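These are the residues of each chain, in order.
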Amino acid sequence: MSDSEAQPVRISSEPVQLQALEPMLEKVREAVGDVPALLAIATEIGHTAPKPGEGNTAKLWELLASVTAVDVAAGRALEPHLDAVAILAQAADPTTPEGAWGVFAAEGPGLKLEAKRDDAGNYVLNGSKPWCSLAAQLDGAVITAHSEDNSRAAFAVNLKHPGVTCETPQWTSRGLQEIPSGTVHFDQVPATPVGGEGWYFSRAGFAWGGMGVAACWLGGAVAVARDYATALAKGADNGRKPDQIALASLGEVDRIITSVTGYLAQAAERIDAGELDSRGADDTADTNGPSAWSEALRLRGTVAAAVERVQTVVTQNLGPAPLAFNEAYGKRMADLSLYIRQHHAMRDDAQLGALTLKGERQW
């Protein structure tokens, strides 16, 4: 692991402002691999962390990137909790998240989660939901389900209810071993509607949350870049000065990190200025201006490509030794490679292309 393992990631703050993150990042570093401890830290952070769109979006993303730079799995545990807190706030929902929460919105073939009213007029959930990360260790979640008209709506649910059964998946991946994602089954589980029919996907906050995930990806890439710079510096100290290829690769990595960091800073500023406060993933209204969702697709795709390029450049230069013998570096690479696959690559670009053709572009 690099010498800067608990160093914050700067997006727009002054370096002196980032120093306030260092004690928390040290706690994260000490808790790496201990999921209950990481969830406790996430719960603590959730009480004071900025929410997107309220004037400090860049600081929120710096927090997410900084935690992920310490450990990718730690960032993967923190991000859904902060997203759940933000979702409930955006919906003006009276539910106060107690303990650690997740956000479960994935769908899977042959699986369906339904929300229907019982005889008393209250919603209950029945069915199954795939890709529910850490569900057995969480206290609650914001979860999407098919309502009576078959549209998808969001609900707040207590995951400790006896009607909730969490499968333990066979997680064979080297990446994100602490964060397995299995199927959860619901049997007459009470649920509180969040935001109303269709609100979850159409709100601008859905896009903002997706950009927050990209901030986590950036944090992982920054850590990989720091690993590389540290390796070159240590080699030079031991009499192995980097050749032109190694230096050119470090220069490319620097360009990439600087470019995408600037993009995140600009996007955060636009969110806080109210320029990206309408239309989420399910809003198909014709427009000639940028929507929050088109910008999310644009930013996520740019960051994902940047992360993959940084990983490629670094692994090509450092070779197999650190992957084989450096536990922290190997874990980071495996965790980040799996996490980045939340981006849907060309399918997301196809969505962006359709929006671009409709006029959602600035060129």
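What comes next concerns the included structure. Quick caveat: nothing in here was measured; it's all calculated off a predicted structure. (Residues numbered from 1 in each chain as written. Predicted model: local features only at pLDDT ≥ 70, side-chain atom pairs only at ≥ 80, totals over all residues. Heavy atoms only, no water.)

So, about the overall build of the protein chain. When helices and strands are tallied, the protein chain shows twelve helices and seven strands. Along the first, second and third principal axes, the C-alpha set of the protein chain runs to 75 × 45 × 40 Å. Buried residues in the protein chain amount to 53% of all 363 residues. Restricting to contacts in the protein chain with at least 6 residues of sequence separation, those with at least 24 account for 72%. (Helix = DSSP H or I, 4+ residues; strand = E, 2+ residues; numbered from the N terminus. Buried < 20%, exposed > 50% of the residue type's maximum accessible area, 1.4 Å probe, protein only. Contact = heavy atoms within 4.5 Å.)

On to the pattern of salt bridges. Using the criterion set out here, one finds 15 salt bridges in the structure. In this structure, the salt-bridge partner of Lys 129 is Glu 107, at a minimum N-O distance of 3.0 Å. Taken as a pair, Lys 129 in strand S3 (residues 123-133) and Glu 107 in the loop between strand S1 (101-104) and strand S2 (113-117) lie far apart in primary sequence, 22 residues in all. Salt-bridge contacts for Glu 275 lead to Arg 270; the nearest nitrogen and oxygen are separated by 3.1 Å. (Salt bridge = Lys/Arg side-chain N within 4 Å of Asp/Glu carboxyl O.)

Once that is clear, we can look at the pairing of S2. Bridge analysis of S2 against S3 gives five bridges, and the strand direction is antiparallel. Each bridged residue has a counterpart across the sheet, and for Glu 114 the counterpart in S3 is Asn 126. Count of turn residues in the S2/S3 antiparallel hairpin: five residues, of which Gly 121 carries a positive phi of about 85°. (Pairing = 2+ DSSP bridges.)

The end-to-end C-alpha separation of helix H8 (residues 244-272) is 42 Å, in line with the 42 Å expected for 29 residues at 1.5 Å each. A side-chain oxygen of the first residue of H8 lies 3.2 Å from the backbone nitrogen of Ile 245; this N-cap is Asp 243. Positive phi appears at Gly 274, one or two residues downstream of H8, with a value of about 80°. (Expected span 1.5 Å × (residues − 1). Polar contact = N/O pair within 3.5 Å; in protein donor to acceptor, adjacent residues only side chain to side chain.)

Let us now look at the packing of aromatic side chains. A complete count under the given rule lists six aromatic pairs for this structure. Ring centres of Tyr 200 and Phe 206 lie 5.6 Å apart, and the angle between their planes is 65°; this geometry places the pair in the edge-to-face category. For the pair shown, Tyr 200 and Phe 206 are each scored as buried. With 6.5 Å between their ring centres and 85° between their planes, Trp 217 and Tyr 339 make a pair best called edge-to-face. Here Trp 217, found in helix H7 (residues 204-237), pairs with Tyr 339, found in helix H11 (residues 327-339); they are 122 residues apart in sequence, far enough to count as distant. Summarising the burial analysis for this pair, Trp 217 and Tyr 339 share the class buried. A connected cluster of aromatic rings, assembled from ring pairs, spans Tyr 200, Phe 201, Phe 206 and Trp 293. The ring of Trp 199 carries Arg 203 above its face, with NZ or CZ at 5.1 Å from the centroid. (Phe/Tyr/Trp six-rings, centres within 6.5 Å; stacked < 30°, edge-to-face > 60°. Lys NZ or Arg CZ within 6 Å of the ring centre and 35° of its normal.)

The subject of this paragraph is unusual backbone geometry. At Trp 131, a position not held by glycine, the phi torsion is positive, near 55°. With respect to the helices and strands, Trp 131 occurs in strand S3. The phi dihedral of Gln 188 falls on the positive side, at around 55°, and the residue is not glycine. Among the structural elements, Gln 188 can be located in strand S7 (residues 181-194). Judged by relative accessible area, Gln 188 falls into the partly exposed class, the value being 45%.

Okay, the packing of helix H2 (residues 22-31) against helix H3 (residues 35-46) next. Each pair of packed helices can be described by the angle between their axes along with the distance between the axes. Contact pair H2 / H3: the axes reach a minimum separation of 9 Å and the direction vectors enclose 160°. On the basis of their axis angle, the class for H2 and H3 is roughly antiparallel. Remark: the crossing between H2 and H3 carries left-handed chirality. Residues Met 24, Lys 27, Val 28 and Ala 31 of H2 pack against Ala 37, Leu 38, Ile 41, Glu 44 and Ile 45 of H3. (Axes fitted to C-alpha atoms, helices over the stretch in contact; angles between N-to-C directions. Parallel < 35°, antiparallel > 145°, perpendicular 65-115°, else oblique. Left-handed = near helix turned anticlockwise from the far one by under 90°.)

Following the sequence through the fold, Gly 210 ends up in helix H7. Among the residues examined, Gly 210 registers a relative accessible area of 11% and is labelled buried.

Ranked by size, the top nonpolar core spans 116 residues in total, and within it Trp 61, Leu 125 and Phe 186 carry the most contacts. Looking at which element gives the most residues to this core, the answer is H7, with 18 residues. Not counting chain neighbours up to four residues away, the residues in contact with Phe 186 comprise Leu 113, Leu 125, Asn 126, Gly 127, Lys 129, Ile 143, Val 157, Leu 159, Gly 163 and Val 164. (Core = buried A, V, L, I, M, F, W, Y, C linked by side-chain atoms within 4.5 Å.)

Once that is clear, we can look at the environment of Val 70. Inspection of the secondary structure assignment puts Val 70 in helix H4 (residues 57-70). In this structure, the C-alpha to C-alpha distance between Val 70 and Pro 50, residues 20 residues apart in sequence, is 20 Å.

The subject of this paragraph is the side chain of Asp 348. Along the chain, the position of Asp 348 falls in helix H12 (residues 346-358). Although buried, Asp 348 forms no salt bridge, and the nearest oppositely charged side chain, Arg 300, lies 4.6 Å from it. Beyond its immediate chain neighbours, meaning those up to four positions away, Asp 348 contacts Leu 297 and His 343. (Lys, Arg positive; Asp, Glu negative; His and termini not counted.)

This part takes up H2. Listing the buried residues of H2 in full gives Met 24, Leu 25, Val 28 and Ala 31. Down the axis of H2, the buried set is contained in an arc of 120°. They therefore lie on one face. Opposite the buried face of H2, by more than 90 degrees, sit the exposed residues Pro 23 and Glu 30. In this structure, the buried residues of H2 make contact with H3, H4 and helix H5 (72-90). (Arc of directions from axis to C-beta.)

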